[in-house]
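# Fold and geometry: a report
Residues per chain, in single letters:
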Amino acid sequence: MFARLGRWCHDHRRIVVGLWIVGLMLLGGVSSFVGTDFRDEFNLPDSESRDGFDILEKDFGGQGTGQPGTIVFLADQGVNDPKVKASMQAWFTKVDALPDIKVTSPYSREGGLQIARTGPRAGEIAFAAIEVPYDTSFEDAQEIRKAIIADQPKLAGVQSELGGVILAEFEQPSSEMLGLAFAIFILIVAFGSVMAMGLPIGVALAGIGIGVIIIGLLSQLVAMPEFASIIAVMIGLGVGIDYALFIVTRFREGLHHNHSVGESVAIAIDTSGRAVAFAGVTVIISLLGMVVMGVGFVTGMAIAAATVVLVTVAASLTLLPALLGFVGTRVEVTRWRGIIAAGLASIALIGVALKIQPLTIGAPLAVVVIVAGVAFAPLKKEVPRREVKPVRETPQYRWSRFVQHHSWASVFLGVLILVVMAIPVFSLRLGFSDEGNAPEESSTRKAYDLLAEGFGPGFNGPFLVVTELPNGAKSNELAKITKALSGAKGIAFASPAVPNDPTNPTAVLWRVIPTTAPQDEATTQLVSRLRNEVLPPVEVGTGLDVFVTGSVPVGVDFSSYLGSRLPWFFMAVLSLSFLLLMAVFRSLLVPLKAVVMNLLSIGASYGLVIALFQWGWLGDITGIEPAPIEPFIPMMLFAIVFGLSMDYEVFLLSRIREEWVRTGDSRESVADGLAATAKVITAAAAIMVFVFGSFLLEADRIPKLMGVGLASAVLLDATIVRMLLVPATMELLGDRNWWLPRWLDRLLPTINVEGDAEDVNEELEIDLLGEGSDLVR
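Residues numbered from 1 in each chain as written. Predicted model: local features only at pLDDT ≥ 70, side-chain atom pairs only at ≥ 80, totals over all residues. Heavy atoms only, no water.

## Some words on the overall build of the protein
Note the cut-off: Put simply, DSSP marks the helices as runs of H or I at least four residues long and the strands as runs of E at least two long, and each gets a number from the N terminus on. The cut-offs for exposure are 20% and 50% of the maximum accessible area for each residue type, with area from a 1.4 Å probe on protein chains only; residues under the lower value are buried, those over the upper are exposed, and the others partly exposed. In this description, contact between two residues means that some pair of their heavy atoms is separated by no more than 4.5 Å. Computed by Shrake-Rupley with a 1.4 Å probe, the accessible areas treat only the displayed protein chains as cover when residues are assessed.
Scanning the protein for helices and strands turns up 26 helices and nine strands. For the protein, the proportion of its 777 residues judged to be buried stands at 56%. Within the protein, residue pairs in contact and separated by at least 24 positions form 81% of the contacts whose partners lie at least 6 positions apart. Approximately 33,000 Å² of the protein is accessible, and the part contributed by carbon and sulfur atoms is 63%.

## Digging into the packing of helix α7 (residues 194-218) against helix α8 (residues 227-256)
For clarity, the cut-off: Structural elements are reduced to axes, namely lines fitted to C-alpha atoms, with helices fitted over the stretch in contact, and the angle between N-to-C directions of any two is expressed from 0 to 180 degrees. By definition, any crossing whose near helix is turned counterclockwise from its far helix by less than a right angle is left-handed, and any crossing with a clockwise turn is right-handed.
It is the contact of α7 with α8, at a shortest axis distance of 8 Å, that shows an interaxial angle of 145°. The handedness of the crossing between α7 and α8 comes out as right-handed. Contacts between α7 and α8 involve Ala196, Leu199, Pro200, Ile201, Val203, Ala204, Leu205, Ile208, Val212 and Ile215 from the former and Ala232, Val233, Gly236, Leu237, Gly240, Ile241, Ala244, Leu245, Val248 and Arg252 from the latter.

## Observations concerning helix α2 (residues 13-34)
Under the convention used in this document: Each residue after the first adds 1.5 Å to the expected span of a helix. What the arc measures is the spread of directions leading from the helix axis to the C-beta atoms.
Across its 22 residues, α2 extends 31 Å between first and last C-alpha, which sits within 8% of the 32 Å expected from 1.5 Å per residue. Within α2, burial applies to Val16, Val17, Trp20 and Ser31. The buried residues of α2 occupy an angular sector of 100° when the element is viewed end-on, so they sit on one face. Facing away from the buried side of α2 by over 90 degrees, the exposed positions are Arg14, Leu19, Met25, Leu26, Ser32 and Phe33. In this fold, the buried residues of α2 make contact with α1 (2-11), α7 and α10 (296-327). In the stretch just after α2, Gly35 is the one whose phi turns positive, near 85°.

## Some thoughts on the nonpolar core
The condition is simple: To qualify as a nonpolar core, a set must consist of buried Ala, Val, Leu, Ile, Met, Phe, Trp, Tyr and Cys residues joined through side-chain atoms within 4.5 Å.
Membership of the largest hydrophobic core comes to 152 residues, with the highest contact counts inside it found for Phe632 and Met706. Residue contacts for Met706: discarding those within four places in its chain leaves Ile231, Met234, Ile633, Met636, Leu637 and Ile640.

## Details of the packing of aromatic side chains
Definition in use: Ring geometry is summarised as follows: Phe, Tyr and Trp rings, the Trp one being its six-membered ring, pair when their centres sit within 6.5 Å, and such pairs are stacked at plane angles under 30 degrees, edge-to-face over 60 and tilted between the two.
Inspection of every chain in the model, using the stated rule, returns 13 aromatic pairs. Judged by centre distance (6.0 Å) and plane angle (50°), the rings of Phe569 and Phe570 are tilted. A ring pair is formed by Phe569 and Phe638, whose centres lie 6.0 Å apart and whose planes are at 70°; its orientation type is edge-to-face. Residue Phe569 is found in helix α19 (residues 551-585), and its partner Phe638 is found in helix α22 (residues 633-663); the two are separated by 69 residues along the sequence. Each member of the pair, Phe569 together with Phe638, is buried.

## Describing unusual backbone geometry
A positive phi angle, near 65°, is found at Asp100, a position not held by glycine. Positive phi outside glycine occurs at Arg586, with the angle close to 50°. Within the secondary structure, Arg586 sits in the loop between α19 and α20 (589-614).

## Here we look at a nonpolar patch on the surface
This is how it is decided: Distance thresholds for patches are 9 Å for like charges and 5 Å for nonpolar side chains (Val, Leu, Ile, Met, Phe, Trp, Tyr), applied to residues having over 30% relative accessible area and no salt bridge. Salt bridges are defined by distance alone: a side-chain nitrogen of Lys or Arg within 4 Å of a carboxyl oxygen of Asp or Glu.
A cluster of nonpolar side chains, contributed by Phe412, Leu416, Val420, Ile423 and Phe426, occupies part of the molecular surface with about 590 Å² of accessible area. Tracing the chain through its elements places Phe426 in the loop between α15 (407-422) and α16 (443-455).

## Examining the pattern of salt bridges
Counted under the stated rule, the structure contains 19 salt bridges. For Arg274, the salt bridge goes to Asp270, with nearest N and O atoms at 3.1 Å. Residue Arg274 and its partner Asp270 are both found in helix α9 (residues 261-288); the two are separated by four residues, about one turn of the helix. What makes Arg274 buried here is its relative accessible area of 1%. Connected via shared salt-bridge partners are Asp76, Arg121, Glu124 and Glu453.

## A word on the packing of helix α14 (residues 395-405) against helix α23 (residues 666-693)
As a reminder of what qualifies: Throughout, the term roughly parallel applies to angles under 35 degrees, roughly antiparallel to angles over 145, roughly perpendicular to angles from 65 to 115, and oblique to all others.
Contact pair α14 / α23: the axes reach a minimum separation of 8 Å and the direction vectors enclose 140°. It follows from the interaxial angle that α14 and α23 lie oblique. α14 and α23 meet at a crossing whose hand is right-handed. Contacts between α14 and α23 involve Gln396, Tyr397, Ser400, Arg401 and Gln404 from the first element and Arg667, Glu668, Val670, Ala671, Asp672, Leu674, Ala675, Ala678 and Lys679 from the second.

## Digging into the sheet that holds strand β4 (residues 158-163)
Formally: The pairing criterion for strands is at least two bridges between them, as found by DSSP.
Taken together, four strands build an open sheet; the order of strands is β2-β3-β1-β4 and the sheet is antiparallel. Since the sheet does not close on itself, it has two edges, and those belong to β2 (102-104) and β4, each with one partner. Neighbouring strand axes in the sheet, compared pairwise and without regard to direction, differ in orientation by 20° on average. Bridging between strand β1 (residues 67-75) and β4 involves six bridges; their strand directions are antiparallel. From the neighbouring strand, Thr70 faces β4, where its bridge partner is Gly163. Helix-sheet contacts for helix α4 (residues 82-96) involve β1, β2, β3 (125-132) and β4, and the interaxial angle to β1 is about 165°. Set on the sheet, helix α5 (residues 138-150) makes contact with β1, β3 and β4; between it and β4 the angle comes to about 170°.

## Considerations on a negative patch on the surface
Basically, it comes down to this: Charged residues are defined here as Lys and Arg on the positive side and Asp and Glu on the negative side; His and the ends of the chain fall outside this count. To locate a charge, take NZ of a lysine, CZ of an arginine, CG of an aspartate or CD of a glutamate.
Side chains of Asp51, Asp54, Glu57 and Asp545 sit close together on the surface and give a patch of like negative charge. Its place among the elements puts Asp545 in the loop between α18 (521-539) and β9 (547-549). Judged by its relative accessible area of 45%, Asp545 falls in the partly exposed class.

## Focus on α20
Helix length check: α20, at 26 residues, gives a terminal C-alpha distance of 36 Å against a target of 38 Å (1.5 Å per residue), a fit within 8%. Once α20 ends, the next one or two residues include Gly616, with phi positive near 85°.

## Here we look at the environment of Ala684
Here Ala684 shows up in helix α23. In this structure the C-alpha to C-alpha distance between Ala684 and Leu187, which are 497 residues apart in sequence, comes to 8.6 Å. Dropping the residues within four chain positions of it, Ala684 is found in contact with Asp242, Leu245, Phe246 and Tyr648.

## What about the confidence of the model for the protein?
Our working definition: pLDDT is a residue-level measure of predictor confidence that goes from 0 to 100.
Taken as a whole, the protein shows an average pLDDT of 83; of its residues, 87% reach a score of 70 or greater. Per-element mean pLDDT across the protein ranges from 44 in helix α13 (residues 377-380) up to 95 in α15. Considering only residues more than four positions removed or in separate chains, one finds that residues 357-363, a stretch of pLDDT under 50, has nine contacts. In the predicted structure, residues 372-381 sits below a pLDDT of 50 and forms 17 contacts with residues beyond four places in sequence or in another chain.

## A short note on the environment of Phe92
Following the sequence through the fold, Phe92 ends up in helix α4. Separated by 37 residues in sequence, Phe92 and Ala129 place their C-alpha atoms 9.6 Å apart. If we ignore the near neighbours within four places in the chain, the residues touching Phe92 are Ile71, Phe73, Val103, Ser105, Pro106, Tyr107 and Ala128.

## Brief notes about the environment of Ser645
Tracing the chain through its elements places Ser645 in helix α22. Overall, the relative accessible area of 4% leaves Ser645 in the buried class. Residues Ser645 and Asp717, spaced 72 residues apart in sequence, show a C-alpha to C-alpha distance of 6.7 Å. Among all residues touching Ser645, those that are not within four sequence positions of it are Asn598, Asp717 and Arg722.

## Looking at the side chain of Lys704
Inspection of the secondary structure puts Lys704 in helix α24 (residues 701-733). Despite its burial, Lys704 pairs with no opposite charge, the nearest such side chain being Glu441 at 8.9 Å. Apart from the residues lying within four places of it in its own chain, the contact partners of Lys704 are Phe613, Thr622, Gly623, Ile624, Phe695, Leu696 and Glu698.

Right, dumping it as structure tokens:
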């Protein structure tokens, strides 16, 4: 099947490329017409926060259930200065007139507490509270932000800022350009061919382009946060280049063995293409495993990432064979002008990523160089081709034998490094970072800092305490709750009970301001203390059931919910991966060892993420301020990293097993397999490290966190695990690596992920392509 697919795409390459171009244009047209609908949808689990929100929705008309924003302003002459008051009130009136937007002005009766009354800036800092509908999409929120800013007054001595996540400014990420630049450099250095560099990058970009368009269309059907497309591009760029690279490498091997272009394409797709399909399915399964968490935006992220991976796999198996048919043997030829043009392209991409825009210089210079290449012979001369050494003369083979000769020491050293790096995991604190982690120059951060300066750090994360009133509820019972809240440790202010209806109340609420910032651990502890220690005693005998809700308690409940389900998610992904690897490699110990080593590398990457993002290590260099780890990040990292590490596991171990089946020598097969795959795996891993690591340059915390976590995990997997622990442990296990009970062998399906190049060649000669070459037999 795979060989037939590769040969058909090669023979009908114009049709295949044309279909991809037409598909891209059609999907792009549909997307521009339909649009996108990215939005955050937090499906609250059964919790106290949800019960409180239900009361707010039923009895208070949804007050407090929308997405909050603020217009914070500082007036040196005082916020009650007549000119300031008139100008700002006119602005608030215009904002309140926007569709579905509710504004509470500090100059209104309801906004009496929205002017700072104490501290050095008393009377100089105030804010207008804005409430945006909960289901507002990302695009609509950006339009609301533009509309608010359009009427922003300009007054001497007055600073006004927009606060709240929903009104935060958004800058389209460009860090992937830096990853592409390094990918160009790494591929040329590793393989010495501009064509061998360009094909994987081109195929990855084609897959990402169509994948991102499909994600935009799917956002109309499934709730997806805006950063889902950013993470999808990050993953798609890494796996897309990797998958195409493995196929191109196998194609070049076919040419080196004197196969024709068509035969080499068929062999590459029937061998490496199988491994790519299996690896892609493994990544998709890991990603879709997040759907079992039952949370809207998590499901959206999983579907988005899985969609891009699926499209990049399809591009590798169809578009790439067609392009290889056009390129043919020229994949082995590189001219100096190509090297120079690729170098200039890298410089231009780096400039775009770093916002220095050298395209104005780089692009014309690239054109000049290419034109000069046509005119002058030296630039048209071929770059000397490198001599291909036998496998057993490579540094990789010698390294593997060295590790195997010192296997116990290698295992001890590798495990020690990973375990030490994983120690911070024991202090992991899940929670949502607040707007104090936004870039200092952003309006969101300035609004946050002004509110903290004028009203205290806890003002950025108020609680809402609500209860329904049973028949016969007495005012003194409500006063007891007010007193208990006001006297509780960690509370700066608690309002009196506010009824939903002054004449016939059915529910009341209290507004509570903590003394600490929303992301502080003390604030999380305050939520627990109110629910378990402060409120229960005063509820006794009153018939009242008081709920603590608001954005911070919602985050606490959400983090607790996801944290409790993480072990089940981990077990599901690990069990399925173990079963798949056992079926592929016909072994019990190989998949068990793979699972354990991948857990160690993922744990070490978690440790690094916690040290940088939770503890704040190297904050002066990275610009990262300490905060809790977003509760969905460990799950996302685990799903993606485990899927990617399985890719390398499949590519390496399938080659080792191929050598073991051929020779029966368990020790030499490890060294031969490692040497044969080390170069391509190292190049692929280096590309992923730079692609993921480049997102550290982004302003938003979540892409930074994901980028560091993924880059560190891939780096550890490709070095400590693949180059140290795998050869050492396989040396210690010897022939036991491939032991499998006969009864279990009969039960398991046979999954062939490497194919057989010789069989494919024979089939090509007798025109029976693909017979008996199904992935699962």
